[in-house]
Amino acid sequence: MKTFEDICRMTQHEVKQYMKRYLINNKYKVTDEDGFLYAKGDVPVLLVAHMDTVHDKQCTEIRNINGRLSSPQGIGGDDRCGVFIIMNLVKELHCSVLLCEEEERGCIGAHKFANTDYIKNLHVNYMVEFDRRGNNDAVFYHCGNQDFIDFVEDTTNFKFADGSVSDISVLMEPANLSAVNLSCGYYNAHFVTEYVIYDEMMDTIEAARALIKEKCDKPFVYV
């Protein structure tokens, strides 16, 4: 498995090709279409991240000072943190996976996926995205399913926070599923001063693992 720094140094195209191979090697059948990678798992949760970053220059030089990672080109934690978190989770938990392109240009990949038949046949109980700054936020956007909000907060100890837009804000209504975007340890998003706290990213992996393993007998519908 590539390291987090390896993932940060890749272009969006390279991430897509690497993650396709990675998912296949982890026993997934992968759908590779314009705008997204989709892989159906046997754990009824959809994990979501995006493969692009906002930075114009490819990340080449990475500085790691006591677990705080940055780059003069922009580290791209938004959203290479999400990609790396999913890489770690699917080694143990065979969830469904959606990796989107061009989120930073208006959730283009998510819109393309929302217009396919895949979204009508997800057969999952909820969606979890990893595309939020900080270390303790749970963002639900315009979803008002209080049972789901309580389920996430009680299981992860992440707390309700406001957010503007991400891929799940496009996907929830057409999927008729609740979703949450969890903090994954990056800061100063959309600036070259962006940095990632590696241990906080790993903490999100543990929180997500606990959430996925928590008993859930039926879908949390979109409200």
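Structure: see above.
Residues numbered from 1 in each chain as written. Predicted model: local features only at pLDDT ≥ 70, side-chain atom pairs only at ≥ 80, totals over all residues. Heavy atoms only, no water.

So, about the nonpolar core. Counting 57 residues, the largest nonpolar core has Met 19, Leu 47, Leu 99, Tyr 126, Val 128, Phe 130 and Val 152 as its most contacted members. Of all the elements, helix H3 (residues 77-89) adds the most residues to this core, at seven residues. Counting 26 residues, the second-largest nonpolar core is a separate cluster that includes Val 48, Met 127, Cys 143 and Tyr 222. (Core = buried A, V, L, I, M, F, W, Y, C linked by side-chain atoms within 4.5 Å. Buried < 20%, exposed > 50% of the residue type's maximum accessible area, 1.4 Å probe, protein only. Helix = DSSP H or I, 4+ residues; strand = E, 2+ residues; numbered from the N terminus.)

What follows covers the environment of Lys 40. Within the secondary structure layout, Lys 40 lies in the loop between strand S2 (36-39) and strand S3 (43-50). C-alpha separation for the pair Lys 40 and Asp 56, spaced 16 residues apart in sequence, amounts to 32 Å. Each residue touching Lys 40, except ones within four places of it in the same chain, is listed here: Tyr 28, Lys 29, His 94, Ser 96, Asn 121, Leu 122 and His 123. Of the polar contacts made by the side chain of Lys 40, one reaches the backbone oxygen of Leu 122; its length is 2.6 Å. (Contact = heavy atoms within 4.5 Å. Polar contact = N/O pair within 3.5 Å; in protein donor to acceptor, adjacent residues only side chain to side chain.)

Evaluated as defined, the whole model comprises 13 salt bridges. The closest approach of N and O atoms between Glu 206 and Arg 209, which form a salt bridge, is 2.5 Å. Of this pair, Glu 206 and Arg 209 both sit in helix H7 (residues 198-213), three residues apart, which is roughly one turn of that helix. A relative accessible area of 16% places Arg 209 in the buried class. (Salt bridge = Lys/Arg side-chain N within 4 Å of Asp/Glu carboxyl O.)

This part is about the environment of Gly 106. Examined against the element boundaries, Gly 106 turns out to sit in the loop between strand S6 (95-100) and helix H4 (108-114). Through-space distance from the C-alpha of Gly 106 to that of Ile 62 is 27 Å; in sequence the pair is 44 residues apart.

With that settled, the discussion passes to H7. For H7, with 16 residues, the first-to-last C-alpha span of 23 Å sits near the 22 Å given by 1.5 Å per residue. Residues Glu 200, Met 201, Thr 204, Ile 205, Ala 207, Ala 208, Arg 209, Leu 211 and Ile 212 constitute the buried set of H7. (Expected span 1.5 Å × (residues − 1).)

It is worth spelling out the pairing of S3 at this point. The buried fraction of S3 amounts to seven of the eight residues, a majority that puts the element mostly inside the structure. Relative to S6, S3 runs parallel, the two sharing six bridges. Considered in S6, the bridge of Ala 49 is made with Leu 99. Bridge count for S3 against strand S7 (residues 126-132) is four bridges, and the pairing is parallel. Bridge pairing in S7 places Val 45 opposite Tyr 126. (Pairing = 2+ DSSP bridges.)

Below, the discussion takes up the sheet that holds strand S4 (residues 63-65). The pairing of strands in a sheet comes from backbone hydrogen bonds and takes either a parallel or an antiparallel form. Spatially, S4-S5-S12-S11 is the arrangement adopted by the four strands of the open sheet, whose pairing is antiparallel. Because the sheet does not close on itself, it has two edges, and the strands there are S4 and strand S11 (186-187). Relative to strand S12 (residues 195-197), strand S5 (residues 68-70) runs antiparallel, the two sharing three bridges. Looking at the pairing, Arg 68 lines up with Ile 197 of S12. Strands S5, S11 and S12 of the sheet are contacted by H7, whose axis makes an angle of about 60° with S12. (Axes fitted to C-alpha atoms, helices over the stretch in contact; angles between N-to-C directions.)

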